[in-house]
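Summary of structural features
Residues per chain are reported as follows:
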Amino acid sequence: MRCRSFFLSVAFVALSVARVAAAERVFIHLTDNFKENDGPVCVAFNVAWGALREGHDVEIFFDQDATYGIKQWEAGKTDLGLYPLPEDLKDLLVGAFGVDRETIPSDYQEFLGFLSQQGASVTANGFWNALTKVENTIKGKENLLPFVEPLTLEELVDHRRTATVYLRF
C-alpha cells in the first residue's frame, strides 16, 4: 500500500492543520523522491488541502530529489502520475473534508493539479533543476507541469522568508 505510514500521516495532518490555524502563509518544503519515499508527499498534499480549506495561502515547494516527481518524462506524465491514491486515503479524505468521493483525484499528479486549482502555488528549485538537467536553465519550464513555477535562489529565499509557517516533508 502506498503511503506506508498512512495512519500516522492522517494524525499528522490533523495536528499540522491545527498548527496553521492562525497562519496566513504556509510554505511546504518537499525534498524526497516520491518513488523512493512516498509518505512525505502524501502527508504534505493532505496538509496543503487542509490549510487551503482553512483559507490560508499555501506554497508547495519541490526541492532536491522531490523535483523528479514533477518532471514530465513524457508529455503530461510524471512520476506522481504513476501512483493512484489508495482507497483508504480516499475514504479518509472524504470523511475529513466532507466532499464527494468522485471529487477526489485518482493519482498524485492529479492531486497536485487539484491543489493548484484550489489556490496553492506550486514552485520548484530552478537552480537544482538546471544543475541536475531536469531543465536547461534555472527558469526553464519545458519539462515541468504547466502550473509549476521554477524559482531562482533569491526568489526561494524570499518565498521562505515571507512564510509564517514552514513545514518540511
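Conventions we followed
Residues numbered from 1 in each chain as written. Predicted model: local features only at pLDDT ≥ 70, side-chain atom pairs only at ≥ 80, totals over all residues. Heavy atoms only, no water. Helix = DSSP H or I, 4+ residues; strand = E, 2+ residues; numbered from the N terminus. Buried < 20%, exposed > 50% of the residue type's maximum accessible area, 1.4 Å probe, protein only. Contact = heavy atoms within 4.5 Å. Salt bridge = Lys/Arg side-chain N within 4 Å of Asp/Glu carboxyl O. Core = buried A, V, L, I, M, F, W, Y, C linked by side-chain atoms within 4.5 Å. Pairing = 2+ DSSP bridges. pLDDT = per-residue confidence, 0-100. Right-handed = clockwise from strand over helix to strand, strands pointing away.

Comments concerning the overall build of the protein chain
Within the protein chain, the regular secondary structure consists of six helices and five strands. Start at the N end of the protein chain and walk to the C end: the helices and strands fall as α-β-α-β-α-α-β-α-β-α-β. Scored against the burial criterion, the 169 residues of the protein chain give a buried share of 53%. When contacts within the protein chain are restricted to residue pairs at least 6 apart in sequence, long-range pairs at least 24 apart make up 72% of them.

Some points on the pattern of salt bridges
Here the structure, examined in full by the defined rule, presents eight salt bridges. Here Asp91 ties to Arg101 by a salt bridge, and the two come within 2.4 Å at their closest N and O atoms. Residue Asp91 is located in helix α3 (residues 87-97), and its partner Arg101 is located in the loop between α3 and α4 (108-117); the two are separated by ten residues in the primary sequence. Between Lys139 and Glu155 there is a salt bridge; the shortest N-O distance is 2.9 Å. Here the residue Lys139 occupies a position in the loop between α5 (126-131) and β4 (148-151), and Glu155 occupies one in helix α6 (residues 153-162), the gap between them amounting to 16 residues. A residue is classified by how much of its surface remains accessible, and Glu155, at 29% relative accessible area, is partly exposed. Beyond isolated ion pairs, a larger network of salt bridges with shared partners links Glu87, Lys90, Asp91 and Arg101.

Describing the nonpolar core
Core analysis: the biggest nonpolar cluster contains 42 residues, and Phe45, Ile60, Phe62, Tyr108 and Leu115 have the highest contact counts within it. When contributions to this core are tallied by element, the ones reaching two or more residues are β1 (25-30), α2 (39-53), β2 (57-62), α3, α4, β3 (121-125) and β5 (165-168). The element contributing the most residues to this core is α2, with ten residues.

Quick look at the pairing of β2
Here β2 lies mainly inside the structure; five of its six residues are buried. Here β1 pairs with β2 via six bridges, running parallel. The residue bridging His29 from the neighbouring strand is Phe61, located in β2. Alignment of β2 against β3, held across four bridges, turns out to be parallel. Residue Phe61 lies in a different strand from β3, and its bridge partner there is Thr123.

With respect to the confidence of the model for the protein chain
On average, residues of the protein chain carry a pLDDT of 89, and 86% of them reach 70 or more. With pLDDT under 50 throughout, residues 4-12 is counted as low confidence; its partners more than four residues away or in other chains account for twelve contacts.

Here's the deal with the pairing of β4
Pairing of β3 with β4, which is carried by four bridges, proceeds in the parallel orientation. Looking at β4, one finds that Val122 is bridged to Val148. Crossover handedness for the path β3 to α5 to β4: right-handed.

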